[in-house]
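# Coordinate analysis (summary)
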Amino acid sequence: MKTTVSIVIPVHNEEAIIEHALTRLVAEFRPLARDFEILPVENGSRDRTWEIMQTLSAKEPSIRPLRSPRADYGFALKHGIRESRGEFILSDEIDVLDHGFHAAALQALATADLIIASKRHPDAVDDRGLFRTLGTDVITGMLRIACGLKSSDTHGPKGWRASVARDLVARSRLDGDLFASESVIRAERMGLNLRELPLSISEHRATSIPLMKRVPRVIRDIWKLRKALAEDTTG
């Protein structure tokens, strides 16, 4: 039977928070959706994340754990989208899970193709540290200059029409952190109906990948994305 909503969440070494997070999601979506599935996508964990997910799934059928063959955020997100069964897809991060955004995104998907949870929206609440906030601003600025981004944010929770999500996955050229940005930029260029909603985010735990390692990789991938988009235009 086709589900109404699929919630796709890449997870990596999250044994400390995953049980509480997934249990909260189940309780949230029971009154929110007629039918739903939660797809945590484990990728490259070295702790008990996968075992905890399997135990939860045995108790709660709406949790359908997946395992990505690669330790890669973007690849895991795309894997979850491909395996999803819902008419609508919500993608999120295990340390974010803004429950207010979920309800608002499902409502907005009645008329929009892609919903972006923006940390730069005027009504957003961003309680992360200054370094991470500045990192978001710098990367968004680079995407504007290098790739013509129009939206105020790209990386983080989203709501998708399933057909749109799968089409963007098929068109994508990047994995990693930049798939999320690529999907937004491609959606803009395709003339899809995008809508931004405010995100509430705070530090639930230290980032699983140190920013000093992540930022150089993201900068490198921005230029890969610029090249891929240029090739699409001239090809």
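Calculation notes
Going along each chain's sequence as written, the residues are numbered from 1 onward. Reporting in this predicted model follows two pLDDT cut-offs: at least 70 for local features of residues, and 80 or more for side-chain atom pairs to be given and counted; totals over whole chains, interfaces and linings ignore these cut-offs and use all residues. The side-chain figures draw on all heavy atoms in the structure; neither hydrogens nor water molecules are used. The way it works is that DSSP assigns letters per residue, a run of H or I at least four long becomes a helix, a run of E at least two long becomes a strand, and they are numbered from the N terminus. For the exposure calls, accessible area comes from a 1.4 Å probe over protein chains only, and a residue counts as buried if that area is under 20% of its type's maximum, exposed if over 50%, partly exposed in between. The contact rule is simple, with two residues in contact once any of their heavy atoms fall within 4.5 Å. In this analysis, strands are considered paired if DSSP registers two or more bridges between them. Angles shown run from 0 to 180 degrees and are taken between the N-to-C directions of axes, each axis being a line fitted to C-alpha atoms and, for helices, limited to the stretch in contact. Any two rings among Phe, Tyr and Trp, with Trp reduced to its six-membered ring, count as a pair given centres within 6.5 Å; such a pair is stacked if its planes are under 30 degrees apart, edge-to-face if over 60, and tilted if neither. Oblique is the label for any angle not covered by the other classes, which are roughly parallel (under 35 degrees), roughly antiparallel (over 145) and roughly perpendicular (65 to 115). Charged means Asp, Glu, Lys or Arg here, nonpolar means Ala, Val, Leu, Ile, Met, Phe, Trp, Tyr, Cys or Pro, and polar covers whatever is left, Gly included.

## Observations concerning the environment of Leu174
In this fold, Leu174 is placed in the loop between α6 (162-171) and α7 (178-189). Classification of Leu174 by relative accessible area gives buried; the value is 7%. Between the C-alpha atom of Leu174 and that of Glu196, which follows or precedes it by 22 residues, the distance is 23 Å. In this structure Leu174 touches Lys78, Phe179, Glu182, Asp221, Lys224 and Leu225, once residues within four positions along its chain are discounted.

## Comments concerning the sheet that holds strand β3 (residues 66-67)
Judged by pairing direction, the sheet is mixed, and its seven strands sit side by side in the order β3-β2-β1-β4-β7-β5-β8 without closing on themselves. Two strands bound the open sheet, and with one partner strand each, they are β3 and β8 (194-198). Bridge analysis of strand β1 (residues 5-11) against strand β4 (residues 88-91) gives four bridges, and the strand direction is parallel. The residue bridging Ser6 from the neighbouring strand is Ile89, located in β4. Relative to the sheet, helix α1 (residues 18-32) contacts β1, β2 (36-42) and β4, its axis offset from that of β2 by approximately 160°. Here helix α3 (residues 73-83) sits on the sheet in contact with β1, β2, β3, β4 and β7 (158-161), set at roughly 155° to β1.

## Points about the pairing of β7
Summarising the sheet, β4 and β7 pair through four bridges and their orientation is antiparallel. Paired with Ile89 across the bridge in β7 is Trp160. Sheet analysis places strand β5 (residues 114-118) next to β7, joined by three bridges and oriented antiparallel. In the strand pairing of β7, Ile116 is matched with Lys158.

## Describing the pairing of β2
Across the seven residues that make up β2, a large majority, seven, are buried. Burial of the side chains of β2 extends over both faces: Phe36, Ile38, Pro40 and Glu42 are buried on one face and Glu37, Leu39 and Val41 on the other. The sheet contact formed by β1 and β2 spans seven bridges and is parallel. Paired with Ile7 across the bridge in β2 is Ile38.

## As for the packing of aromatic side chains
Applying the stated rule across the entire model yields one aromatic pair. Arranged with centres 5.8 Å apart and planes meeting at 40°, the rings of Phe29 and Phe36 form a pair that is tilted. Classification of Phe29 as buried rests on a relative accessible area of 0%. In this structure Phe36 comes out as buried when scored by relative accessible area, which is 11%.

## A short note on the packing of α6 against α7
It is the contact of α6 with α7, at a shortest axis distance of 10 Å, that shows an interaxial angle of 110°. In terms of orientation, α6 lies roughly perpendicular with respect to α7. Facing α6, whose interface residues are Leu168, Val169 and Arg171, α7 presents Phe179, Glu182, Ser183, Arg186 and Ala187. When its residues are assigned to classes, the contact of α6 with α7 shows four nonpolar, one polar and three charged.

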